[in-house]
Amino acid sequence: VDGTTSVALMYSFLKKFYTNIDFYLPDRYSEGYGISVQGINYAIEKDFKLIIALDCGIKANEKVEYARQNGVDFIICDHHYPGSEIPKATAVLDPKRPDCSYPFKELSGCGVGFKLIQAYSQKNNIPFDQLIEYLDLVVVSIASDIVPIVDENRILAHYGLLQINQKPCEGLKSIIQISGLTGKSIAIEDIVFKIGPRINAAGRMESAHKAVELLLAVTAAKAKTSANSVDDFNDARKNIDRSITQDALRMLSGQMKDSKQKSTVLYNSKWHKGVVGIVASRLIETYYRPTVVLTASNGMATGSARSVTGYDIYQAIEKCSDLLENFGGHMYAAGLTMKIDNVDKFKARFEQIVSETILDEQLIPQVEIDSELKLSEITPKFFRILKQFQPFGPENMAPVFLTENVSDNGEARAVGTSKEHLKLGIIHEEEPFKAYPAIAFQQGDFYDYIRSGDSFDICYSIDENNFRNKSTIQLNIKDIKINKRD
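Residues numbered from 1 in each chain as written. Predicted model: local features only at pLDDT ≥ 70, side-chain atom pairs only at ≥ 80, totals over all residues. Heavy atoms only, no water.

Participant: Explanation requested: the overall build of the protein chain in the structure shown.
Facilitator: When its secondary structure is counted, the protein chain shows 15 helices and 15 strands. Here the protein chain has a C-alpha radius of gyration of 24 Å; the compact-globule value for 486 residues is 23 Å, and the two agree. Considered along the principal axes of its C-alpha atoms, the protein chain spans approximately 80 × 55 × 40 Å. Taken over 486 residues, the protein chain has a buried fraction of 48%. In the protein chain, the share of contacts with a sequence separation of at least 24, taken over all contacts with a separation of at least 6, comes to 63%. Of the roughly 24,500 Å² of accessible surface on the protein chain, 50% is carried by carbon and sulfur atoms. In the protein chain, which carries 56 positive and 63 negative side-chain charges, the distance between the mean positions of the two groups comes to 4 Å. (Helix = DSSP H or I, 4+ residues; strand = E, 2+ residues; numbered from the N terminus. Rg over C-alpha atoms; globule rule 2.2 N^0.38 Å. Buried < 20%, exposed > 50% of the residue type's maximum accessible area, 1.4 Å probe, protein only. Contact = heavy atoms within 4.5 Å. Areas by Shrake-Rupley, 256 points an atom, 1.4 Å probe, with all protein chains shown as cover. Lys, Arg positive; Asp, Glu negative; His and termini not counted. Charge placed at Lys NZ, Arg CZ, Asp CG, Glu CD.)

This is the structure we're talking about:
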């Protein structure tokens, strides 16, 4: 999502000033991730003299040199960690460069692209007002790439949410409609769970080119056609990732007996390359530890890594770099490629590094509680004040509250395709006749206990639920602790 929003932002901005402009998306299956020789050759053939690389390129030293020798300059806009040497491009914008003095280090890739068009506008006396229309793309990148929503990102996300709610581009408007979000006040979690995955699915299932075409659509008709296509990709992606996750869980259950492993590394040559990152995240929900999922592509083992709270998986992978052909990423997510013969060696080394560097408490999922709260304190005024802390996201998460000795009002029901979620009416003995609507995702195992009428403790955040144009306060339950009977 970060890459496609970056390209859409840069292309639509520069298109206003230049006619000899095009965009190029590397195919993740035939070209891999990031800058490719095919992409540079495309520029050479079409007589382009400058490539602006977005959300990639910080380690593409040899490819940037190949382009330079063929008369093509590079501007790199990236936010990933650099290698030991910065590419010799015309300009390299990356806040994670050791020599970068820019005060905020956590911009998304699209955020770095936005900074470039902001600088271009300052140089060419273009009013900042003309850049506000691109902030819908910026907030989609910030939410989807899971960057910290603090400092400058918080400001960009705040104004981006205003833009996506008031005047989104045609492509995003179509995704909003197809996601069932029309008429709702769109928040960060709507982008994370509904808008982002649809944009992402095009690149995972076929080509990211389709996602950029959608984001660049200038007519409602074109946007609707593209959005329908992207939605179909998303449905296909869901089916494939569900099937592979079940496969992976079966593999793991066979390995887990008496296992003291602190990491997960799985390889299956038949798995779909486009969904291995999603599968890695799913596995962490069951086996909470740093996870790498690999498949075969172009004769190599390639895949994605995902981490647990507080553990830097990028640094762990970097310590295996002699076994890898290439790798890149962040603290919590990375991509990597290696020779298939190196998979077992990587698995052993990665396990050793994680075992030596991870703290035992990092292997236990934890919910941090901000405050104890009485249900009677949850008033409309309290909720209005709470909303002033938004937008919520990494490093500025929605406050989590604890209320003890609650029960259900007798209307509890299991929902979801596998009855894995719970809809509840939470009551407390202080106000036995006032029920607070609640949703408890992935807590279906507690259904029988809750229906028994016994009390339990909950930790939760407070959300707004919009249904049939009516907005109500809802408890979003993060965890349930049953009170043991005597």
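Participant: I would appreciate a short explanation of the sheet that holds strand β1 (residues 50-54) in the present structure.
Facilitator: Pairing between sheet strands relies on hydrogen bonds along the backbone, with the strands arranged either parallel or antiparallel. One open sheet holds the three strands; their spatial order is β1-β2-β3, and the pairing between them is parallel. Edge positions in the open sheet fall to β1 and β3 (91-93), since each of these has one partner strand only. Strand-to-strand twist across the sheet, computed as the mean angle between neighbouring axes with direction ignored, equals 15°. Here β1 pairs with strand β2 (residues 73-77) via five bridges, running parallel. Residue Ile51 lies in a different strand from β2, and its bridge partner there is Phe74. (Pairing = 2+ DSSP bridges. Axes fitted to C-alpha atoms, helices over the stretch in contact; angles between N-to-C directions.)

Participant: Would you mind showing me how to read the side chain of Asp136 here?
Facilitator: Within the secondary structure, Asp136 sits in helix α5 (residues 135-144). There is no salt bridge for the buried Asp136, and the closest opposite charge comes from Lys173, which lies 9.6 Å off by N-O distance. (Salt bridge = Lys/Arg side-chain N within 4 Å of Asp/Glu carboxyl O.)

Participant: Help me understand the packing of helix α1 (residues 2-14) against α5, please; the structure alone is not making it clear to me.
Facilitator: Helix-helix packing is described using two parameters, namely the angle between the two axes and the distance between the axes. Relative orientation of the contacting elements α1 and α5 amounts to 165°, with a least axis distance of 9 Å. Accordingly, the angle class assigned to the pair α1 and α5 is roughly antiparallel. Relative to α5, the crossing made by α1 is left-handed. Along its contact with α1, which presents Asp2, Thr5, Ala8 and Leu9, the element α5 presents Leu137, Val138, Val140 and Ser141. (Parallel < 35°, antiparallel > 145°, perpendicular 65-115°, else oblique. Left-handed = near helix turned anticlockwise from the far one by under 90°.)

Participant: Looking at this model, I keep getting lost on the layout of surface pockets. Mind explaining?
Facilitator: Regions of empty space are outlined by a rolling probe, equal in size to a water molecule, passed over the atoms. Taken as a whole, the second largest pocket spans an internal volume of roughly 380 Å³. If you go around the second largest pocket, you meet 18 residues; those closest to its centre are Ser12, Glu133, Cys169, Leu215 and Ala217. Going through the elements one at a time, α1, α5 and α9 (208-216) are the ones with two or more residues in the lining of the second largest pocket. Within the lining of the second largest pocket, the residues separate by chemical class into 11 nonpolar, two polar and five charged. (1 Å grid on protein atoms, 1.4 Å probe; cavity = no way out; pocket = protein on both sides within 12 Å on 5 of 7 lines; lining within 4 Å. Points joined across faces, edges and corners; volume = space filled by probe spheres on them. Nonpolar A, V, L, I, M, F, W, Y, C, P; charged D, E, K, R; others polar.)

Participant: Hey, could you run me through the packing of aromatic side chains in this one?
Facilitator: Aromatic ring pairs: the centre-centre distance and the angle between the two ring planes describe each pair. Tallied over the full model, the rule gives 12 aromatic pairs. Measuring from ring centre to ring centre gives 5.7 Å for Phe13 and Tyr120, while their planes differ by 90°; the resulting arrangement is edge-to-face. Placement of Phe13 in helix α1 and of Tyr120 in helix α4 (residues 109-123) is noted, with a sequence separation of 107 residues between them. Looking at Phe13, the relative accessible area reads 2%, which means it is buried. A centroid spacing of 5.3 Å and a plane angle of 40° characterise the contact between Tyr24 and Tyr42, whose relative ring orientation is tilted. Taken as a pair, Tyr24 in the loop between α1 and α2 (37-45) and Tyr42 in helix α2 lie far apart in primary sequence, 18 residues in all. Tyr42 gets classed as partly exposed once you look at its relative accessible area, which sits at 24%. Linked through ring pairs, Phe13, Phe17, Tyr120 and Tyr134 together constitute an aromatic cluster. Above the face of the Phe327 ring, Lys59 is positioned so that its terminal group lies 3.7 Å from the ring centre. (Phe/Tyr/Trp six-rings, centres within 6.5 Å; stacked < 30°, edge-to-face > 60°. Lys NZ or Arg CZ within 6 Å of the ring centre and 35° of its normal.)

Participant: Is there a simple way to think about the pairing of strand β6 (residues 300-306) in this case?
Facilitator: Taken residue by residue, a regular strand's side chains alternate between the two faces of the sheet. In terms of burial, β6 is largely enclosed, as six of its seven residues are buried. Bridging between strand β5 (residues 291-297) and β6 involves seven bridges; their strand directions are antiparallel. Looking across to β6, one finds that Val293 is bridged to Ser304. Between β5 and the antiparallel strand that follows it, β6, lie two residues; Asn298 among them carries a positive phi value of about 50°.

Participant: What is the right way to read the pattern of salt bridges from this model?
Facilitator: If the charged atoms of two oppositely charged side chains come close together, the side chains can form a pair. In this structure the tally under the stated criterion is 16 salt bridges. With its nearest N and O atoms 3.2 Å apart, the salt bridge here joins Asp47 to Lys49. Relative accessible area serves as the criterion here: at 54%, Asp47 is assigned to the exposed category. Between Arg237 and Asp241 there is a salt bridge; the shortest N-O distance is 2.6 Å. Note that Arg237 and Asp241 are positioned in helix α10 (residues 220-255) at a spacing of four residues, about one turn of the helix. On the basis of relative accessibility, which here comes to 7%, the residue Arg237 falls in the buried class.

Participant: For this particular structure, what's the right way to read the side chain of Ser461?
Facilitator: Assignment of secondary structure puts Ser461 in strand β14 (residues 456-467). When residues no more than four places from it in sequence are discounted, the contact partners of Ser461 are Ala398, Pro399, Gln474, Leu475, Asn476 and Lys478.

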